[in-house]
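Given next are the chains, with one letter for each unit.
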Amino acid sequence: MWFVRGSYNQECHVLLAFVLSLLWHVVDCQEQTDFTIQAPKEVAAQNGLCVQFLCSFTYDHLSGNIESRSEGIWKRDGVNGVVVASKGGSPKSSNTNSRILLTGNLQKGDCSLRINNVSPKDQGHYVFRIEGTDRLKYNYRSIQPYVNVTDKPIISSVKMLISGKEATLTCTAPLSCSKTLTIEWEGNVAKKKHNLSNITFTPSERDHNSTLSCKVTYGIYKVLITSDTITLSVSYPPSMEIIISGRELISSNSVSVVEGESLTMDCHVNSNPEATIQWLKGDEVINNKSSTLSLINQLQNISLSNDGLYTCYAKNVIGNISNSLYVTVKYAPRSPEIQAKHLHGENTSKENYTIVLEGSPLSLLCSAKSNPVATFMWMKSSHNVTTNLPNGQDGFLNIISVSESDEGTYTCNANNEHGNACSSITIIMAYKPKPLLTNVSECSRKDNSIECSCFIHSFPPPQIMWKINKEYYNYSNKDLHIITLKAERVWNSTLTIQVKNEIHYTIQCIGFNIFGNFSLDLTLNAPVRQNQAIMVGAIAGTFLLVLIFLAVVFAKFIQKKKQFQKEGTTEVNPADEAIYCNTKMTTPDSDEIQMTEEEQQYEMEPTYQDLSVYMNYEDDLNYVTLDFSKMKPKDVPDEETDEEMIEYAEVKH
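In what follows, the accompanying structure is described. (Residues numbered from 1 in each chain as written. Predicted model: local features only at pLDDT ≥ 70, side-chain atom pairs only at ≥ 80, totals over all residues. Heavy atoms only, no water.)

1. What to know about the overall build of the chain
So, step 1. Helices and strands together make up the secondary structure of the chain, namely 6 helices and 45 strands.
So, step 2. The burial tally for the chain puts 42% of its 653 residues in the buried class.
So, step 3. Sequence separation of 24 or more characterises 66% of the internal contacts of the chain that already satisfy a separation of 6 or more.
So, step 4. Carbon and sulfur atoms make up 51% of the accessible area of the chain, which totals about 36600 Å². (Helix = DSSP H or I, 4+ residues; strand = E, 2+ residues; numbered from the N terminus. Buried < 20%, exposed > 50% of the residue type's maximum accessible area, 1.4 Å probe, protein only. Contact = heavy atoms within 4.5 Å. Areas by Shrake-Rupley, 256 points an atom, 1.4 Å probe, with all protein chains shown as cover.)

2. Observations regarding the packing of aromatic side chains
So, step 1. Summed over the entire model, instances satisfying the criterion amount to 9 aromatic pairs.
So, step 2. Through a chain of ring-to-ring contacts, three or more aromatic side chains come together here, namely F35, F53, F57, W74, F128, Y138 and Y140.
So, step 3. Seen from the ring of Y431, K434 lies directly overhead, with NZ or CZ sitting 4.5 Å from the centre. (Phe/Tyr/Trp six-rings, centres within 6.5 Å; stacked < 30°, edge-to-face > 60°. Lys NZ or Arg CZ within 6 Å of the ring centre and 35° of its normal.)

3. Overview of the state of the cysteines
So, step 1. What the rule picks out here adds up to 6 disulfides.
So, step 2. A sulfur-sulfur distance of 1.7 Å marks the disulfide that ties C55 to C111. Its torsion about the S-S bond being -75°, the disulfide of C55 and C111 is classed as left-handed. Separated by 56 residues along the polypeptide, C55 in the loop between β3 (51-53) and β4 (56-58) and C111 in the loop between β7 (100-102) and β8 (113-115) bring together distant segments of the chain.
So, step 3. Its relative accessible area of 0% is what places C111 among the buried residues.
So, step 4. One disulfide in the model links C443 with C452; its S-S distance is 1.9 Å. Its S-S torsion of about 110° marks the bond between C443 and C452 as right-handed, since a negative value means left-handed. (Disulfide = S-S within 2.5 Å.)

4. Quick word on the side chain of R489
So, step 1. Mapped onto the secondary structure, R489 falls in the loop between β41 (480-487) and β42 (490-498).
So, step 2. A distance of 3.3 Å separates a polar atom in the side chain of R489 from the backbone oxygen of M429. (Polar contact = N/O pair within 3.5 Å; in protein donor to acceptor, adjacent residues only side chain to side chain.)

5. Remarks on the environment of S235
So, step 1. With respect to the element layout, S235 can be found in strand β19 (residues 234-244).
So, step 2. For the pair formed by S235 and N272, sequence separation is 37 residues and the distance between their alpha carbons is 4.8 Å.
So, step 3. Here S235 is in contact with M160, L161, I162, S163, N272, P273 and I318, once residues within four sequence places are set aside.

6. Some words on the pattern of salt bridges
So, step 1. Taken as a whole and judged by the stated rule, the model has 9 salt bridges.
So, step 2. The shortest N-O distance in the salt bridge between D122 and R99 comes to 2.7 Å. On the criterion of sequence distance, the pair formed by D122 in the loop between β8 and β9 (124-131) and R99 in the loop between β6 (82-87) and β7 is long-range, its members being 23 residues apart.
So, step 3. When its relative accessible area of 1% is taken as the criterion, D122 is described as buried.
So, step 4. R334 serves as the salt-bridge partner of E259, at 2.8 Å between the closest nitrogen and oxygen. Here E259 is found in the loop between β21 (254-258) and β22 (263-272), whereas its partner R334 is found in the loop between β27 (320-330) and β28 (337-342), with 75 residues between them in sequence.
So, step 5. By relative accessible area, E259 is classed as partly exposed at 32%.
So, step 6. Taken together, the salt bridges that share partners define one network made up of E184, E186 and K215. (Salt bridge = Lys/Arg side-chain N within 4 Å of Asp/Glu carboxyl O.)

7. Considering the sheet that holds strand β12 (residues 154-155)
So, step 1. Taken in spatial order, the 3 strands of this open sheet run β12-β14-β16, and their pairing is antiparallel. Each of the sheet's edge strands pairs with one partner strand only, and the pair in question is β12 and β16 (198-201).
So, step 2. Inspection of the sheet shows β12 paired to strand β14 (residues 167-172) by 2 bridges, in the antiparallel sense. Paired with I155 across the bridge in β14 is C171. (Pairing = 2+ DSSP bridges.)

8. Describing the pairing of strand β24 (residues 284-292)
So, step 1. Where strand β23 (residues 275-281) meets β24, 6 bridges bridge the pair, whose relative direction is antiparallel. When the sheet's bridge partners are listed, W279 is paired in β24 with N287.
So, step 2. Between β23 and β24, which pair antiparallel in sequence order, lie 2 residues; one of them, G282, sits at a positive phi of approximately 70°.

9. Let's talk about the sheet that holds strand β25 (residues 294-299)
The pairing of strands in a sheet happens through backbone hydrogen bonds and is either parallel or antiparallel.
So, step 1. If you trace the 4 strands from one edge of the open sheet to the other, you get β13-β19-β22-β25, paired in mixed fashion. Each edge of the open sheet carries a strand with a single partner, namely β13 (161-162) and β25.
So, step 2. In the sheet, β19 pairs with β22 via 7 bridges, with the strands oriented antiparallel. Across the sheet, residue I244 finds its bridge partner in β22, namely M265.

10. Structural notes on the environment of N139
So, step 1. Within the fold, N139 resides in strand β10 (residues 137-140).
So, step 2. Note on N139: relative accessible area 17%, which makes it buried.
So, step 3. Apart from the residues within four sequence positions on either side, N139 is in contact with V79, F128 and R129.
So, step 4. At a separation of 3.0 Å, a polar atom in the side chain of N139 contacts the side chain of R129.

11. Examining the nonpolar core
So, step 1. Residues I37, F57, W74, F128 and Y140 are the most contacted members of the largest nonpolar core, which totals 30 residues.
So, step 2. For this core, the secondary-structure elements that each account for two or more residues are β2 (42-46), β3, β6, β7, β8, β9, β10 and β11 (146-150).
So, step 3. The greatest single-element share of this core, amounting to 3 residues, is contributed by β9.
So, step 4. Once residues lying within four places of it in the same chain are set aside, the contact partners of F128 are I37, F57, G72, I73, W74, L102, L106, C111, Y138, N139 and Y140. (Core = buried A, V, L, I, M, F, W, Y, C linked by side-chain atoms within 4.5 Å.)

12. Comments concerning the environment of G419
So, step 1. Here G419 lies in strand β36 (residues 419-435).
So, step 2. Along the primary structure G419 and Y331 are separated by 88 residues, whereas in three dimensions their C-alpha atoms are 7.8 Å apart.

13. Some points on the side chain of S493
So, step 1. Mapping S493 onto the fold places it in strand β42.
So, step 2. Among the polar contacts listed, one links the side chain of S493 to the side chain of W466, at a separation of 2.9 Å.
So, step 3. The residues touching S493, leaving out its near neighbours within four places in the chain, are C452, S453, C454, I464, W466, I482, I483 and T484.

Printed below as a string of structure tokens:
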């Protein structure tokens, strides 16, 4: 039974201890809740002035009470720091003096602190402690005001001032024991503002690097004035100006430069922070640089490839901007291109000649690349004579009906203020075969032979055939001999026939080219008869007659050759052209003209059946009656035959 009772008592003690522990825990939680303090976390105090900050606290009344003998203590630099001020009871430290005072009423929960004649040694964290009756002893750790000793007011900083966006700055003035305090703001962003610690403004680009001051005045008589000044850093997007050195702008966004010269384009950018700058030509980046205020684009020895739109682009974190400049390259005319348009085709200046049918219209158009636009002057050179023609409108030169007088070399001169250039084209007139007015086509009797000469003027070169008694010949055989001579555009075909007794000869000379034909009928009215008696009786004079005959033939040949040489040519000496144009001129020879396939088919020799088409084309046949009985020998001219000017052609069928 004792055992049981003892066991019961032991259980009661354990239960009582558990209940007391719960009660103690509740009291501790209540104590932590009731101990509070209200004080600034940081106090700005100006060196040499008086500073005071308000403080209030609460405590757990279960732990004790605050009476007159209770003590409030302020320590600097933590709970184990130096006691700087106390109130009630006995001072705990000799450092406590009248300079630093706990001015609050502890019984009312006032723990306000005042520091007179603030010095740098007063800077630090301050902790308040209360010591009352019973168990009332507590360090207020939750708030430990920091006293910051400064020499001037402090203007708050902002991360970034952006142009066009509103910003607010605060001037924190050191506390003072004086009840009178005046704050004034001075600077570009605001007029004077009194008794306002905050200033709100909208900065702009022009405010960058400007100053803003906060001036604090203490006391009624304003005997103490202190201030803080900052330099504003305003961020703003880029603005730019393109500067052209030594060039006159055509407009605000265009500049002209002469080919071969140089051009400097300076893209000057104003921004904060500094921008990245790029130069582009079209869409292609040609130059770039990061974090800069200027980027130069230099063009050396300018050519037409430099003509175009150039753009400067600048960007920073605030924004971007671009500006464009069109560069116009001025240059002298390039080598002109001449187009010749007529009924039978079109030529360009790549072919320095054009062939035009007689009587047809012709238009010459001269064009040349240049800047500014060129003016054109036409000149004509023919037979070593150069003539200025009226300016063709926009390079046009029209000939209504091409004649022989229009043949020659035409030079187009393109000119502007930066230079000139020229090109030439030669006009060659084409025409169907026709008789040569200065020479007579005829036949003559020479004993047992007949000799006929046929003179034809033609371009392009003609095909010449002989029709003898309805048979066609363009080649020699045992009974006849054909020789064709050429001098410029004049063709002389000579026919020699060995005559036969009692044969009547009808002779016709035919010339044709792609543009038409010419035919000349040379008819012998009387049959040729051989007189044996005369030949036998005149055997002694035969040798003399032969000599005379040869002399006549030779004289006629020399005379005809001289006349061939007198015929005009449309070629122009290139040396004469050099005065006006450095273009090398070449006038093609009639034999060098390249015919088209269509033209070449007309050059084919016609069959005998086809010749009737050419015989009666356009012109009627011309008939000549020859009488050999009255012919007399002609005097032989003094000139010698120029063998080099004669071409012999024998066409065999």
